[in-house]
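# Summary of the model geometry
Now for the letters of each chain:
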Amino acid sequence: MPNDAALNPAILNATGNIKEKVIAREKRYGAANYDPLPVVLSRGLGAELIDINGKRYIDMMSAYSAVSHGHCHPRLVAKLTEQAQRLSICSRAFYSDKLGALLERVCELSHMDCALPMNTGVEAVETAIKAARKWAYTVKKVPADQAEIIVCKGNFHGRTTTVVGLSSKPQYKRGFGPFTSGFKTIPYGDLEALSKAITPHTAAFLVEPIQGERGIIVPPTGYLKAVAELCQKNNVLLILDEIQTGLGRTGRFLACEHEQVKPDGLILGKALGGGLLPVSLFLSKREVMDVFQPGDHGSTFGGNPLAAAVALEALEVLFDENLIQRSEELGDYLHKELLKIKTPFIKEIRGKGLFIGLEFVEGVKGREICLKLLEEGLLSYETHDTVIRLAPPLVITKGQLDKALDILRKVLLTH
């Protein structure tokens, strides 16, 4: 068993085994709920990450879209430092001078009436579920405890016990039941299935505009717009989970803007924290949010001044630096260049903006590809075995993207 003396950085550098020993310590004291690639990162700047030996990598993961602004963005680090020296947390038992400005700005940008701040994305999903159910009982007059929420096969909305119960991936559910009732699952991208699933007891349809964890699955053109019309016709709330797809990732501020859809509820997270700390929001129209009364819901850290200040700055950076437009332009360029790579191992390339999934034919393991990319200086990660995601920070330069493409070509054409 490793000891603290043996893991002292000075000793590690001297022995030359720093990477192996750092990994060993994390494995010794950490739960085995992740299977990281064998790299130990210590620094990051923009679209680059640097390991403990000084090797540089192009980040094509962005921490699942949490680092859309790039690593250690100077404006965001400065705002974090400034606010941390003034006031970090005071709880929602009191007002702060930072939260209101964030809520106002994000409501303006999303065309929503109001927002409820939380921390992680799944907390915001849980908030949306609570809001939809209480709305169903108090506004739609669904009989007590009979409200239903429709979700899609292949979804990923988080890891709480309620939310993994919505998953169709056996591993996410195995050993964690019993699960919360009141949910229906339908195929993704299937309007007819949604129509058949709706009943007078249906409170909401919770859906991702693009399914990220499933492998960057894009629904048929026009699907989301038709869904919105169907939900409105049946007095069903349309709640969009834009935790990964929102804030410029797909080349629009929100992915639903590709079809000019305005949902009844919206879930944001990840990039909202500027890659520095967890910040999430559930946003909705007033009719939905007004179901909450003091004591119904809360979070000690949700909406804290530090998070609010950083999130507001993160929103402004998106527009001041034209990151949304960059995502659209560089995403189109990346997609077109990937299509030029002629190899029988690639099954499909799909996505919008800088949110692209590269799927391989059966028998080609995404993990193996990611390990080869790692050796060449590119960081990505597999999902559903045969897909790797290509979703770099929106600040990535064209030169860095070209370097990433060179690495992809080298690995894919020699696999």
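Residues numbered from 1 in each chain as written. Predicted model: local features only at pLDDT ≥ 70, side-chain atom pairs only at ≥ 80, totals over all residues. Heavy atoms only, no water.

Under an unreviewed UniProt entry, the name given to the protein chain is ornithine aminotransferase, and the source organism is Candidatus Rickettsiella viridis. Among the UniProt annotations of the protein chain, the heading Pathway (unreviewed entry) holds the following wording: "Amino-acid biosynthesis; L-proline biosynthesis; L-glutamate 5-semialdehyde from L-ornithine: step 1/1." (UniProt positions renumbered as here; feature names shortened; annotations may be inferred.)

### A look at the pairing of strand S9 (residues 265-268)
Here S9 shows two buried faces, one formed by Gly265 and Ile267 and the other by Leu266 and Leu268. Strand direction decides the pairing type here: strand S8 (residues 237-241) and S9, joined by three bridges, are parallel. By the bridge assignment for S9, leucine 240 is matched with leucine 266. Bridge count between S9 and strand S10 (residues 280-284): four bridges; the pairing is antiparallel. Of the residues in S10, the one forming a bridge with glycine 265 is serine 284. (Buried < 20%, exposed > 50% of the residue type's maximum accessible area, 1.4 Å probe, protein only. Helix = DSSP H or I, 4+ residues; strand = E, 2+ residues; numbered from the N terminus. Pairing = 2+ DSSP bridges.)

### Observations concerning the sheet that holds strand S6 (residues 183-186)
With respect to topology, seven strands assemble into an open sheet ordered S4-S10-S9-S8-S7-S5-S6, the strand pairing being mixed. Of all the strands in the sheet, the pair left with one neighbour each is strand S4 (114-118) and S6. Each adjacent strand pair in this sheet contributes to an overall mean axis angle of 20°, direction not counted. Two strands pair when backbone bridges link them, and S4 and S10 are joined in this way by five bridges, in the antiparallel orientation. (Axes fitted to C-alpha atoms, helices over the stretch in contact; angles between N-to-C directions.)

### Overview of the sheet that holds strand S15 (residues 387-390)
Taken together, four strands build an open sheet; the order of strands is S11-S12-S15-S14 and the sheet is antiparallel. Strand pairing shows two members of the sheet lacking a second neighbour, strand S11 (346-351) and strand S14 (382-383), which therefore form its edges. Relative to S15, helix H14 (residues 366-376) is tilted by about 45°, and along the sheet it contacts strand S12 (356-360), S14 and S15. (Contact = heavy atoms within 4.5 Å.)

### Describing the packing of helix H4 (residues 74-84) against helix H12 (residues 305-320)
At a minimum axis distance of 9 Å, the contact between H4 and H12 shows a crossing angle of 155°. By the criterion of interaxial angle, the relationship of H4 to H12 is roughly antiparallel. Seen from above, H4 lies across H12 with right-handed handedness. The segment H4 lies against H12, with Arg75, Leu76, Lys79, Leu80, Gln83 and Ala84 engaging Pro305, Leu306, Ala309, Val310, Glu313, Ala314, Glu316, Val317 and Asp320. Split into classes, the residues belonging to the contact of H4 with H12 amount to nine nonpolar, one polar and five charged. (Parallel < 35°, antiparallel > 145°, perpendicular 65-115°, else oblique. Left-handed = near helix turned anticlockwise from the far one by under 90°. Nonpolar A, V, L, I, M, F, W, Y, C, P; charged D, E, K, R; others polar.)

### Some words on the confidence of the model for the protein chain
Residues with a pLDDT of 70 or more make up 96% of the protein chain, whose mean pLDDT is 95. Low pLDDT, under 50, characterises residues 1-7; the predicted model gives this stretch 14 contacts beyond four residues in sequence or across chains. (pLDDT = per-residue confidence, 0-100.)

### Looking at the side chain of serine 110
Looking at the secondary structure, you find serine 110 in helix H5 (residues 99-110). Within the structure, serine 110 has its side chain in polar contact with the backbone oxygen of valine 106 (distance 2.7 Å). (Polar contact = N/O pair within 3.5 Å; in protein donor to acceptor, adjacent residues only side chain to side chain.)

### Thoughts on H12
For H12, which comprises 16 residues, the first-to-last C-alpha distance of 22 Å matches the rise-based estimate of 22 Å (1.5 Å per residue) to within 8%. Counted residue by residue, H12 has 12 buried out of 16 residues, so it is predominantly covered. Lining the buried residues of H12 we find H4, H5 and helix H13 (323-339). At the N-terminal boundary of H12, the capping side chain belongs to asparagine 304, with an oxygen 3.1 Å from the backbone nitrogen of leucine 306. Backbone geometry just after H12 places asparagine 322 at a positive phi near 55°. (Expected span 1.5 Å × (residues − 1).)

### Observations regarding the domain arrangement of the protein chain
By the assigned domains, the protein chain splits into domain 1 (9-65 + 323-414) and domain 2 (74-321). Listed by partner, the interface residues are 25 residues for domain 1 and 25 residues for domain 2. Each partner contributes to the roughly 2100 Å² buried at the junction of domain 1 and domain 2, and carbon and sulfur atoms together form 59% of this total. Across the domain 1-domain 2 interface, the total number found is two salt bridges. Between arginine 252 and glutamate 328 there is a salt bridge whose closest N-O contact spans 3.1 Å. Where domain 1 packs against domain 2, one counts 17 residue pairs in polar contact (both at pLDDT 80 or more). For the side of domain 1 that touches domain 2, the secondary structure elements donating two or more residues are helix H3 (62-65), H13, S11, S12 and S15. (Domains from an automatic or database assignment. Buried area = accessible area lost by both parts, 1.4 Å probe. Salt bridge = Lys/Arg side-chain N within 4 Å of Asp/Glu carboxyl O.)

### Topic: the packing of aromatic side chains
As enumerated under the stated definition, the model contains three aromatic pairs in all. Here phenylalanine 253 and phenylalanine 319 contribute two aromatic rings whose centre-to-centre distance is 5.9 Å and whose plane-to-plane angle is 35°, an arrangement assigned as tilted. You can see phenylalanine 253 sitting in the loop between S8 and S9 and its partner phenylalanine 319 sitting in helix H12, a full 66 residues away along the chain. With relative accessibility at 33%, the residue phenylalanine 319 sits in the partly exposed group. Positioned above the aromatic ring of tyrosine 29 is the side chain of arginine 28, whose terminal nitrogen or guanidinium carbon lies 4.4 Å from the ring centre. The ring of phenylalanine 319 is capped by arginine 105, whose NZ or CZ atom sits 5.7 Å from the centre of that ring. (Phe/Tyr/Trp six-rings, centres within 6.5 Å; stacked < 30°, edge-to-face > 60°. Lys NZ or Arg CZ within 6 Å of the ring centre and 35° of its normal.)

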